[in-house]
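Summary of structural features
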Amino acid sequence: MATCDSIPKYWRLAAKASGWVARHISCLAALFLLFTVAATATEPIAFADSTVGSFEIDGNLIVDHTVPPAEPIDWLSSPFPASLITFTDATGQGDDIFGQGSKENDQSTWVCTTGSAPQKDDIVNQLLVPQSTTPVAGEVALRFVGSKQFLYANWSRLSNNGDAHIDYEFNQADAAADPASPTCTRLAKRTVGDFLVSFDTDLQHNAISVSAFIWNGTTFVQLSTGAQGVLWDGAVNQGPITALQPLNTNLQSVANLFGELALNVSDTIGTIPCNAVLHVSMKSRSSTSLSAELKDRTRAMPVSFTVFNPNGANANGNAFAARIQDSLLGLNQTFPAATPATCTEGVCSSQSGPGSNSNSNQVLGVPPPSQPLLSASLLSASSTSAVSPTTNTATDTGTAESAGVNVINGLVTADVVRAVAAANAGGFNASFSAAGSAFKNLVVNGTQLNNVNPNTRIDLPATVFGAGSYVALLEETGSTSQPAAGQLSGGAFAADVTVNMIHVHITGVLGGVEAADVIVSHASAHADFPQPTGCPALVGTVSGDATILNEQTDPSALPVIFGHVVIPPQGGHDHQDLDQLTSAAANSGTSVSDSLGSVTNSSGTSTSFAQVQSVCVLPTATGCTVSASAVKSQANSTSGGGQSLSDARGTGLLGVSVGSTSVHDNPPANTCINVIPNVSVVLNEQVCDGAGAPACSPMGTPVTCSATTSSGLTVRAIHVIVTKGGTLGLPAGANVIVGEAHADSSHP
């Protein structure tokens, strides 16, 4: 006998979420519903004007009502607002069928072979639907209507010389990994909680029945579906109908070659979690009983109970290579020119619903016209917006690139300035990124900058440029939003990001320039995607960040950070490349920092790394306090399925020396080197979130970061700490970190 524990967890959780447990006070009451057997419906077949789940159950595929609103729908509704899967099946001697003796209720009897199925039980490709380029044999669709989940299905058979008996079986297992039997490799093995929906006609009594069953581990138990027209309905065609193309030309009538059903899943089987993926197959039986012989079959197909709505998604953005404004000169120009002409931000793109839109433009040489604000050899911009019904995502990417840049007579110069803004939104999360944004040979007011952190501001001398004048570099603003906790419909996931690589603001009068603003390389992106009805926002989060250099030579002041990247809680991507780095406490060659993360319905993952070449920390007259040929700190975190793990895979340190002492490559976690008086050096420092710093030793101290739902890890390649004031000319507590990476994740 089935027990509460034998009912799969996702059924019990779904029942609880939908109020099912509240209606059925105890486990025994729940089991009573599971084992309730409904009487076969005997009401007349419904042929027109019948709807269950706002679906026309009228024996055809077309929408019969001709005036708004769009509901109720039918199979040829465009767009079709439900998750849908199509089935195909051959006919004749090459058809996939069941061998004699195969019974629906007993998989141990199944023999899958090829041959010819009886014509009345032969499922065939006769339906012309827009979701397929070739005819199909049947379809299954799923969606929420209000708070209730509905299933719709149809079928097509070769002959009408008897009753139709069609099954749709939904399995949790995947046939590819767990087949029904050695001969039935395209059908899945049953597990407790699998369910079956059957369609049976009784033409002699002018009746149709739609039944639901659940597998208890031994047999299918029938569930209560009530009266026709309330929780379910079914119909067959009475003659020729649009989109039905009969293959059998010997029939006197084409009636009863097509059938369709609608079933309220929430009130019969129980609401299935919207992110569940099951595998469904079509089968035919010789008679009404589940002990009857099976005849024809299709292969099991994956079907998601998540109903995405790409038609309600949007993506838009803009980009321009330069904008110059000056009140004295009367200038307000954007380069390149507006594309399309209606764009007020240079180059624009926009896409609502499935499809894509892209625009680009460029201008060679600025000026003309003659003006003192900006000169450049190339100014180009592009913007691309897309909504994909295949991946169910909305994306926008804006790119602006300026070459040979000279702002206000050499105040700011650069060989190349590139801005990249990317926004992505789907049915469960949204993210943004500025990865790809970069400077080459940037000089500001005579100082070369090899590192620029997001939202860097350099104040300009008020006596020369006017009070409040500044140069802002890599101005970056980004945000994500999602439905409120517990919200099941009407919400959206959205992401926005704007990047201005150079923004010069002058308040005074300077060589004919007055109250001027110059922006070089601007990109902006937006994407939003509707929340799938019935699906709450994902509960998982991630975070990640990486830093090339973090130096705090004065413990009483804030640290100075170089090459910092960070991602938002719903994931994204951020990246920086540095040609070289020189600071008060360290210098290095080529460096890279990167952080990447994502949240799905089953897991959250993030990875961050900082990679630095030719490192010299706290230079001295005789060399470096600590040097390395190359270091890489990497932190990885994954959560989901009741387990969370974070590790430092990918971390490495090569050619490290502390003073005159060489250190073997790739030292273990938390290796302490104390060979310089009053200076502590920790190599490959690893600290788990919330666990406190582990003790370090010359032999290292391994760490393990794990929990059930969340974990995180910080990795620092080199950490130098001054323990006594005056050492190396620094106060006690001064410290320098080279190559820091952090990643964490949280998911139930």
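For the structure itself, look to the data block above.
Attention here is on the structure that accompanies the text. (Residues numbered from 1 in each chain as written. Predicted model: local features only at pLDDT ≥ 70, side-chain atom pairs only at ≥ 80, totals over all residues. Heavy atoms only, no water.)

Across its full length, the chain carries four helices and 47 strands. Overall size of the chain, expressed as C-alpha extent along the three principal axes, is 100 × 65 × 50 Å. Per-residue burial for the chain yields a buried fraction of 54% across its 748 residues. Residue pairs at least 24 apart in sequence account for 65% of intrachain contacts in the chain once pairs closer than 6 positions are excluded. (Helix = DSSP H or I, 4+ residues; strand = E, 2+ residues; numbered from the N terminus. Buried < 20%, exposed > 50% of the residue type's maximum accessible area, 1.4 Å probe, protein only. Contact = heavy atoms within 4.5 Å.)

Another point: the side chain of His747. Looking at the element boundaries, His747 is found in the segment after β47 (735–746). On the accessibility criterion, His747 (4% relative accessible area) is buried. A polar atom in the side chain of His747 sits 3.1 Å from the backbone oxygen of Thr600. Apart from residues no more than four positions distant in its own chain, His747 is found in contact with Gly540, Val599, Thr600, Asn601, Ser602, Ser603, Gly604, Ser639, Gly640, Thr708 and Thr709. (Polar contact = N/O pair within 3.5 Å; in protein donor to acceptor, adjacent residues only side chain to side chain.)

Right, let's talk about the state of the cysteines for a bit. Here the structure, examined in full by the defined rule, presents five disulfides. Note on cysteine connectivity: Cys616 is disulfide-linked to Cys624, with sulfurs 2.0 Å apart. Its S-S torsion of approximately -110° makes the covalent link between Cys616 and Cys624 left-handed. Note that Cys672 is cross-linked by a disulfide to Cys696, the S-S spacing being 1.7 Å. On the sign convention where negative means left-handed, the S-S torsion of about -110° between Cys672 and Cys696 marks this disulfide as left-handed. Note that Cys672 is positioned in strand β43 (residues 671–676) and Cys696 in the loop between β44 (679–688) and β45 (705–707), a separation of 24 residues in sequence. (Disulfide = S-S within 2.5 Å.)

For the rest of this paragraph, the subject is the sheet that holds strand β11 (residues 258–264). One open sheet accounts for five strands, arranged β1-β4-β5-β11-β10; its pairing is antiparallel. Edge strands, defined here as strands with exactly one partner in the open sheet, are β1 (83–87) and β10 (232–236). Here the strands of the sheet are splayed against their neighbours by 10° on average, with no regard to which way each runs. In the sheet, strand β4 (residues 138–145) pairs with strand β5 (residues 148–156) via eight bridges, with the strands oriented antiparallel. Bridging from a neighbouring strand, Val140 pairs with Ala153 of β5. (Pairing = 2+ DSSP bridges. Axes fitted to C-alpha atoms, helices over the stretch in contact; angles between N-to-C directions.)

To continue, consider unusual backbone geometry. The peptide bond linking Glu71 to Pro72 adopts the cis configuration, its omega dihedral lying at -5°. In this fold, Pro72 is placed in the loop between α3 (27–34) and β1. A cis amide bond, omega -5°, links Phe335 with the succeeding residue Pro336. Mapped onto the secondary structure, Pro336 falls in the loop between β16 (331–335) and β17 (347–352). Positive phi outside glycine occurs at Leu618, with the angle close to 50°. Note that Leu618 resides in strand β37 (residues 604–620). Residue Asn666 is not a glycine yet carries a positive backbone phi of 50°. As for its placement among the helices and strands, Asn666 is situated in the loop between β42 (661–663) and β43.

Shape descriptors only; they carry no functional weight alone.
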